[in-house]
Structures are given as structure tokens and as C-alpha cells.
Amino acid sequence: MPVRIQTDDFDLSTEIAALRAGRAGVGAVVSFVGTVRDINQGTGVSSLTLEHYPGMTDKSLEDIVAQATSRWQLDQVLVIHRVGPLQPLDQIVLVAVTSAHRGEAFEACEFVMDWLKTRAPFWKKEATPQGERWVDARESDDAAAARWGRPE
Amino acid sequence: MKVLVLYFASLRETLGLAREALDLPDSVTTAAELRAHLCARGGIWAKALAEGAAVRVAIDQSVALPATRLHEGAEVAFFPPVTGG
């Protein structure tokens, strides 16, 4: 499955090995791993909880992967996103893309992350010394997603 | 028209409700009309779902526009802008 939503952690090497297995036409592997910071907007973060919309989140990620594969010549795309309670240093998200050449893989990986951040229904809640707070959406993320244009 | 309405994240906490089954009056036929219908409950509903509030709507798990039409048995979700990744 190109899309997985799970509470468990993931191992980058294992996932990349599985994506590449037997795919001798692949010449490029680009991956992005997002991790939990211990500080956000100047405030310490002691833990994070990720909520999602079961069903719609899967569908949304599958749509984003389909967009990427229609825009670039790719071999495989994998998206893993964790939900539930997480701690600083934990891995949150993996996007891995394989293709014959690096240009396609670099662009597609960035595209999937930019769209994931602005379209896939996930919400972060942080625990800070001042109590819990829901993370606000960032305009810089909207700008990053907008440069890829509209859905095709 | 009967619909299932879901609320997520900060909106769910503010409203103190994760889901509800509603039987809508005939005058409510679109996403925007449903939002206004819920706002009319007043209090926290009027504030959380006010026209200027950053609220997204999905119908049957696809992003909806204000004019998107509802249908019998629709699953309608209200949620704040997303913050994953």
C-alpha cells in the first residue's frame, strides 16, 4: 500500500529496501522524514498528539500520491503518517519516492509533503508548560503548496 | 433529509461533540446552509462556526465548497485548517 496511517514507528531503511526490491530501473530514491521538535513558536513542547479523520485522511493521501504519479515519471511513492501520542525526537511522517532520475524524485517528494501539510486532515495538539494547545495552520505552508498549482 | 455530522480537533473540543445525526429541515440543502443552521443554535455554536471562522467542510470525505449540495445519508465533517506532517 502506498499510504499507511499508523500509531507505530517506522524504519526508513526497511521501507526504502522494500520500495527498491527488484526495481532495477530505479536510479533515484528521495525520502523526507518529519520529526517532533521540542520547541514551537518559542514555547517548549513536551509531547504531541496527532488526530486524523479515519477514511478521509487515507483517501486524501491516496489522491495526493495519484497527483504526484500523474505529474512526474515515478516508480513508487510511499507515505507513512503516524497518529496518536508522540514525543520530541519521534518520527511523524515519511514520504519516499523512487524514479529513474533524481529530478523527478526530488520534486515529487517535496510536492507530496507540501500538499500533505495543507490538504490531508491531520491536526496536532501540543502539550506545553502553559497547557495544551492546538497548532495553528501556517501561511508559509499554504504558500509552499500553492506554487504547485491546482489539482490536475 | 438525514445527515451525519462530524466535528474534529479544536472544533470538537470547543463544541464538546464528536458526531451527531441530524434530520434537517427542507430549507437546508448546501454545506453553507448547514453551517448557518448550526450557527443558529447560538452561544458557542454561533462563535465557532461564524462566517469568518477558519472552518473547513467535507461531504462524504471530500472537501466541499459552501455551495456543495447535501444529500440523504451524507457524512458532513467540520474541522479547522489541517496541521499534519
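Above this text you will find the structure in question.
Each value, and the rule that gives it
- Residues numbered from 1 in each chain as written.
- Chains lettered and ligands numbered in written order.
- Predicted model: local features only at pLDDT ≥ 70, side-chain atom pairs only at ≥ 80, totals over all residues.
- Heavy atoms only, no water.
- Helix = DSSP H or I, 4+ residues; strand = E, 2+ residues; numbered from the N terminus.
- Contact = heavy atoms within 4.5 Å.
- Areas by Shrake-Rupley, 256 points an atom, 1.4 Å probe, with all protein chains shown as cover.
- Buried < 20%, exposed > 50% of the residue type's maximum accessible area, 1.4 Å probe, protein only.
- Polar contact = N/O pair within 3.5 Å; in protein donor to acceptor, adjacent residues only side chain to side chain.
- Pairing = 2+ DSSP bridges.
- Axes fitted to C-alpha atoms, helices over the stretch in contact; angles between N-to-C directions.

**Re the overall build of chain B**
Looking only at helices and strands, chain B features three helices and five strands. Excluding contacts between residues fewer than 6 apart, the proportion of contacts in chain B whose partners are at least 24 apart in sequence is 50%. In the form shown here, chain B has an accessible surface area of approximately 4,100 Å², with 56% of it arising from carbon and sulfur atoms.

**Some details on the environment of E72 of chain B**
All names here are of chain B. By the element assignment, E72 lies in the loop between β4 (62-63) and β5 (75-79). You can call E72 exposed: its relative accessible area is 52%. Sequence spacing of E72 and M1 is 71 residues, and the spatial spacing of their C-alpha atoms is 5.3 Å. Setting aside chain neighbours within four positions, we find E72 in contact with M1 and K2. A distance of 3.2 Å separates a polar atom in the side chain of E72 from the backbone nitrogen of K2.

**As for the pairing of strand β1 (residues 2-7) of chain B**
Sheet faces and side chains relate simply in a regular strand, where the side chains alternate between the two faces. Residues and elements named next belong to chain B. Across five bridges, β1 lies against strand β2 (residues 19-23) in antiparallel orientation. Directly across from K2, in β2, lies its bridge partner D23. Across four bridges, β1 lies against β5 in parallel orientation. Its bridge partner being in β5, V5 is matched across the sheet by V76.

**Considerations on the sheet that holds strand β10 (residues 131-134) of chain A**
Residue and element names in this part refer to chain A. Reading across the sheet, the four strands line up as β7-β5-β9-β10 and stay open at both edges, with antiparallel pairing between neighbours. Sheet topology places β7 (84-86) and β10 at the edges, where each strand pairs with a single neighbour. Geometrically, the sheet is characterised by an average inter-axis angle of 25 degrees between neighbouring strands, direction not taken into account.

**Comments concerning the environment of V3 of chain A**
All names here are of chain A. Residue placement: V3 occurs in strand β1 (residues 3-6). Distance from V3 to V79, taken between C-alpha atoms, is 4.8 Å for residues 76 residues apart in sequence. V3 has contacts with D58, L61, E62, V65 and V79, leaving out every residue within four places of it along the chain.

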